[in-house]
Amino acid sequence: MTSEQQSPHSHEPTHHYDAIIIGAGVSGLYALHHLREMGLTARVFDGASDIGGTWWYNRYPGARVDGPGSPFYCYTFSDELMQEWDWAETQSKQSDVLKYLEHVADKFDLRRDIQFDTWVQDARYDEVAQRWTIETRSGECASAQYLICAVGALSKANRPNIAGINDFAGECYHTGSWPHDPVSFEGKRVAVIGTGSSGVQSIPEIAKEASHLTVLQRTAQFTFPAGNRPLTDDDLDDVRSNWDALIEKMRAHGGGFPAGPNPSRSALDDTPEEREALYESLWEQGSFQIFLKLYSDIAVNEESNKTLSDFVRKKISEIVDDAETARKLSPDHFVMTKRPILDAGYFETYNRDNVDLIDLRDDAIVRFTPTSVITESGEHPIDMLVLATGYDAISGSMLRLNPKGRGGVSLKERWDERYHNYLGMTIGGFPNLFMIHGPGSPGVFYNMPLGAERQMDWIGKCMDHLREKELGSVEPVADSEQAWFDEVTTIANFTLFPRTDSWWTGANVEGKPRYFSAYLGGAMYYDRIADVAANDFAGFVFEPVQRSDAE
Ligand code: NA7
C-alpha cells in the first residue's frame, strides 16, 4: 500500500458533476464551454482569483505573446467572437490577452461554473464508482466521471536553489507570479536571474527604470526581433473577411499558424549571399514569421543550423558595442533547440551604462546575502531580485497535482522515470483522466489556444463514445503507451532538439527525467488522434458501467 493510499479524503463529495476541470486558463475555459455544449455538467477549479492561467500570473514588465502574432493567438470555435474582438498589436501584451479571455468568459457566461481561489490538493479515482473525487485545500470534496487536467504546461515555477537566496531581504519576484500592484524599479539596483523569454522580455523594460541592472546569465540565448506593431483596421478587416480560410490554414500548418509550409529547400541549397539576404530580410521583418519562412532543415541539419546561428552571432556583435559583452551574449547551442525568443531591443539594452552582464559560466554565484549577490568575482549590492528562472515545464504541474489512479498508485510513482501516456492526453492506470497540453502532445510546440480546442474536441468525442456504448471508463493499454513513446522519441531524434539542454528536455530542473517529451510531428498529430477515434478508439481499453448491487 502506498503512502497516498493511507490518506483518503477527509470528507465525502458534496457535489457531483459529469466532469471536473482543473485550471481556468486558455485550455480550461474552452474545456468548460465545450462540455456545456455537449450537455454535460462541469465545474472548474482554479487557485487564482480569476480566469487566465498563465496570463493571470505572468504580469512582469514586457510580458507579451511571443508565439503566433495576434489575432491568431485566439480561439477559433466562435466566428462571432473573432468578428467582434479588436486586437491592438501584432504581439499582444499580457493585459490585452487577459482582457480577451475575460471577454470570452463574459460572453459565454463561464464564471458561474468556475470556483476561484480554490487549490485542488488531491484527486483520486474510485474504481468501483468509476469516478474521480477531488479535494480542495479547504477540505471541500467533489466527484465527477471525468477529470480534465488543464493545469498548464508552464505553470509550476522553477525557483533556483542558491545558497542564501532566502536570506535576501530586498524585494524578490518570480516572473511567473508577478504582483498585481505595480512594481517600481525607480532608483533601485536590480538583479535578474534568467535569460529565457521572460528575462529577455523584462530586461529591456527594467533597464529603462532601474538605477542599475545586473543580469545573471547561465545560458546565452538566440533571440530575434519581435517586430511588434499596431494592427490597423485594414489588417483586422482582412483577417475577418478571410477567417474561414485562415482557420483551415492554421489547422493544416505544423505549428497551428496561418502559413504555408516552410520553403522546402535546405539552407545548403543556397549560396552564402542568398542565405544572408534571406536572414537579413527576416531579421528586418521580425515576428514569429521568421521561423515560418526559414529553410526546412535548420532544426535537423547541423551545418544548416550553423548558418543561422552564425548570422545571429554576427548580429549580436554588430548591435552590442562592447566586444566582451557581445561574446558573453553569443549562444553556443544549436539555434532553435531552446525555445526561440522574440524581443524588443534586448541586445541593445547591454549598451546602456546602467546595465551589467555576468556570465555565470565564468563567474558563478557563490551566495546571496540580505543585501547583495556574491559571485566568484566579487559582491554586487542589490535592492531587488527578479527570478526569470522559468518552470518545471510540461510535466511539473501534473506531478504537482499528483492524481492517484487505480490501486491508489500516484502519478509520481507512475511517472518515476518517464511520462507514460498515450496521445499526450491519457495515462494507463488513470481511467477517465484527460490532459490538455500534457507530455506526449504538441503542447508548447503548437499555437496553444488552437491546440487546446483540438485536443478538447477529441476528448469530447471519446466521452461521446463512452456514452453511446454505455461504457464506464477508458484508459490506454501499456502497448499503446510504449508505441506512442517510440513515435514521439523517433520524431524528436530526427531533429537537433534533444541534443540541447533545455526545459523541453527537462534539463532545467534537477532530478527530472531527461528526454524530449513533446510530439514534434506537427499537424500529423491531429491526423493520428482522428484515426484513433475513427477506429473505435484503438489502443484503449474500456470497462462497462459498473452496476451497484442495489440497481
Ligand atoms: P525559461 O525559458 O526556462 O528561462 C529560464 C531562464 O532562467 C534560463 O535562462 C535559465 O538558464 C535560467 N535559469 C534557470 N535556473 C537557473 C539557475 N538556478 N541559475 C541561473 N539561471 C537559471 O523560462 P521563461 O519564463 O523565460 O520562459 C518560459 C516560456 O514561457 C517561454 O519559453 C515561452 O514559451 C513562454 P538555462 O537556459 O536553463 O541555462
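Our subject is the structure that appears above.
I will try to describe carefully the structure that is included in this document. Counting starts from 1 at the beginning of each chain's written sequence and moves along it residue by residue. In keeping with the model being predicted, local features are shown solely for residues with a pLDDT of at least 70 and side-chain atom pairs are shown and tallied solely at 80 or more, while totals for entire chains, interfaces and linings include all residues. As a convention, hydrogens and water are excluded, and side-chain values are obtained from all of the structure's heavy atoms.

1. Topic: the sheet that holds strand 15 (residues 378-381)
Piece 1. Pairing within the open sheet is antiparallel, and its three strands lie in the order 13-14-15. Of all the strands in the sheet, the pair left with one neighbour each is strand 13 (365-369) and strand 15. Adjacent strand axes in the sheet meet at a mean angle of 20° when their direction is disregarded.
Piece 2. Pairing between two strands requires that DSSP report at least two bridges joining them. Put simply, DSSP H or I for four residues or longer makes a helix, DSSP E for two residues or longer makes a strand, and each gets a number counted from the N terminus. Two elements, strand 14 (residues 372-375) and strand 15, share four bridges in a ladder whose sense is antiparallel. Axis definition: a line fitted to C-alpha atoms, limited for helices to the stretch in contact. Angles are taken between N-to-C directions and run from 0 to 180 degrees.

2. Focus: the sheet that holds strand 7 (residues 171-174)
Piece 1. Pairing within the open sheet is parallel, and its five strands lie in the order 7-16-8-9-12. Both edges of this open sheet fall to strand 7 and strand 12 (355-359), since each of them pairs with a single strand only. Within the sheet, the average angular offset between the axes of one strand and its neighbour, ignoring direction, is 15°.
Piece 2. Pairing analysis gives five bridges linking strand 8 (residues 189-193) to strand 9 (residues 212-217), with the strands arranged parallel. Directly across from Ala191, in strand 9, lies its bridge partner Thr214.
Piece 3. Across the sheet, helix 5 (residues 197-209) touches strand 8, strand 9, strand 12 and strand 16 (384-387), and the angle it forms with strand 9 is around 155°. We call two residues contacting when some pair of their heavy atoms lies within 4.5 Å.

3. What to know about the pairing of strand 4 (residues 120-126)
Piece 1. Of all seven residues making up strand 4, five are buried, and the element is well covered by its neighbours.
Piece 2. Connecting the antiparallel pair strand 4 and strand 5 (residues 131-136) is a turn made up of four residues, with Gln130 showing a positive phi of about 55°. Each residue is placed in one exposure class: buried if its accessible area under a 1.4 Å probe, protein chains only, is under 20% of its type's maximum, exposed if it is over 50%, and partly exposed if it falls in between.

4. Side note on the site of the ligand
Piece 1. When at least one non-hydrogen atom of a residue lies within 4 Å of a molecule or strand, that residue is treated as near it. Of all residues adjacent to the ligand, which total 19 residues, the nearest are Thr195, Ser198, Arg218, Thr219 and Lys338.
Piece 2. Polar contact criterion, stated in full: a pair of N or O atoms within 3.5 Å, where within protein one must be able to donate a hydrogen and the other to accept it, and residues adjacent in sequence count only if both atoms are side-chain atoms. Taking Ser197, its main chain carries an N or O atom lying 2.9 Å from an oxygen atom of the ligand.
Piece 3. The backbone of Ala388 places a nitrogen or oxygen atom 3.2 Å from an oxygen atom of the ligand.
Piece 4. A 1.4 Å probe and the Shrake-Rupley method give the accessible areas. Residues count as covered only by the protein chains that appear here. In the complex, 87% of the free accessible area of the ligand, which totals 780 Å², lies under the protein chains.
Piece 5. Under the convention adopted here, Pro, Cys and the residues Ala, Val, Leu, Ile, Met, Phe, Trp and Tyr are nonpolar, Asp, Glu, Lys and Arg are charged, and Gly plus all remaining residues are polar. Split into classes, the residues belonging to the shell around the ligand amount to seven nonpolar, nine polar and three charged.

5. Re the packing of helix 1 (residues 26-37) against helix 15 (residues 448-468)
Piece 1. Helix 15 packs onto helix 1 with a crossing angle of 35° between their chain directions and a minimal axis gap of 9 Å. Seen along the crossing, helix 1 lies across helix 15 with a hand that is right-handed. Between helix 1 and helix 15, the residues in contact are Val26, Ser27, Tyr30, Ala31, His34 and Leu35 and Pro449, Ala452, Glu453, Met456, Asp457, Gly460 and Met463, respectively. A clockwise turn of the near helix away from the far one marks a right-handed crossing, whereas an anticlockwise turn of less than a right angle marks a left-handed crossing.

6. What to know about the environment of Arg59
Piece 1. Along the chain, the position of Arg59 falls in the loop between helix 2 (54-57) and helix 3 (79-84).
Piece 2. By relative accessible area, which is 22% here, Arg59 ends up partly exposed.
Piece 3. Counting along the chain gives 177 residues from Arg59 to Leu236, while the straight-line C-alpha distance between them is 26 Å.
Piece 4. Ignoring anything within four residues of it in the chain, the contact list for Arg59 reads Gln94, Leu98, Thr175, Trp178, Pro179 and His180.
Piece 5. Here His180 takes part through its side chain, which lies 3.2 Å from a polar atom of the side chain of Arg59.

7. Some words on a negative patch on the surface
Piece 1. Only residues whose relative accessible area exceeds 30% and that form no salt bridge enter a patch; like-charged residues are grouped when within 9 Å of one another, and nonpolar side chains (Val, Leu, Ile, Met, Phe, Trp, Tyr) when within 5 Å. We count a salt bridge whenever a side-chain nitrogen from Lys or Arg sits within 4 Å of a carboxyl oxygen from Asp or Glu. Note on charges: Lys and Arg go in the positive column, Asp and Glu in the negative column, and His and the chain ends are not counted at all. Charged side chains are reduced to one point each, which is NZ for Lys, CZ for Arg, CG for Asp and CD for Glu. Together, Asp233, Asp234, Asp237 and Asp238 give the surface a local cluster of negative charge.
Piece 2. By the secondary structure assignment, Asp237 is in helix 6 (residues 233-241).

8. Concerning the nonpolar core
Piece 1. We define a nonpolar core as any set of buried Ala, Val, Leu, Ile, Met, Phe, Trp, Tyr and Cys residues linked to one another through side-chain atoms lying within 4.5 Å. Formed by 71 residues in total, the largest nonpolar core has its most connected members in Leu35, Ile148 and Trp458.
Piece 2. The element best represented in this core is helix 15, accounting for eight residues.
Piece 3. When residues of this core are sorted by domain, at least three fall in each of domain 1 (4-51 + 110-156 + 393-544) and domain 2 (165-387).
Piece 4. The contacts of Ile148, once residues within four sequence positions are left out, are Ile20, Ile21, Ile22, Ala31, Leu35, Phe434, Ile436, Met456, Ile459 and Met463. Domains are outlined according to an automatic or database domain assignment.

9. Points about empty space enclosed by the protein
Left-over empty space is what a probe sized like a water molecule reveals as it rolls over the atoms.
Piece 1. Buriedness for pockets is judged along seven lines, at least five of which must meet protein on both sides within 12 Å for an open set on the 1 Å grid over protein atoms alone, while cavities are sets there where a 1.4 Å probe fits but cannot get out, and lining residues have an atom within 4 Å of a point. Grid points are joined across faces, edges and corners, and a volume is the space filled by probe spheres set on the points. Scanning the model with the defined rule gives four cavities of 30 Å³ or more in all.
Piece 2. Estimated volume of the largest cavity: approximately 80 Å³.
Piece 3. Residue lining of the largest cavity: Arg418, Tyr419, His420, Asn421, Pro439, Gly440, Glu481, Trp484, Phe485, Val488, Tyr515 and Ser517, and that is the complete set.
Piece 4. Residues of the lining of the largest cavity, tallied by class, amount to six nonpolar, four polar and two charged.

10. Notes on the packing of aromatic side chains
Piece 1. Here is the rule: rings of Phe, Tyr and Trp (six-membered ring for Trp) pair when centre to centre is within 6.5 Å. Planes less than 30 degrees apart are stacked, more than 60 are edge-to-face, and the remainder are tilted. Under the defined criterion, the tally for this structure stands at 43 aromatic pairs.
Piece 2. Site record: aromatic cluster; members linked through ring pairs are Tyr422, Tyr446, Trp458, Trp484, Tyr519, Tyr525, Tyr526, Phe537 and Phe540.
Piece 3. Whether a charge sits over a ring comes down to the Lys NZ or Arg CZ being within 6 Å of the ring centre and within 35 degrees of the ring normal. Over the face of the ring belonging to Phe108 we find Lys107, whose NZ or CZ atom lies 5.8 Å from the ring centre.
Piece 4. Positioned above the aromatic ring of Phe485 is the side chain of Arg418, whose terminal nitrogen or guanidinium carbon lies 3.5 Å from the ring centre.

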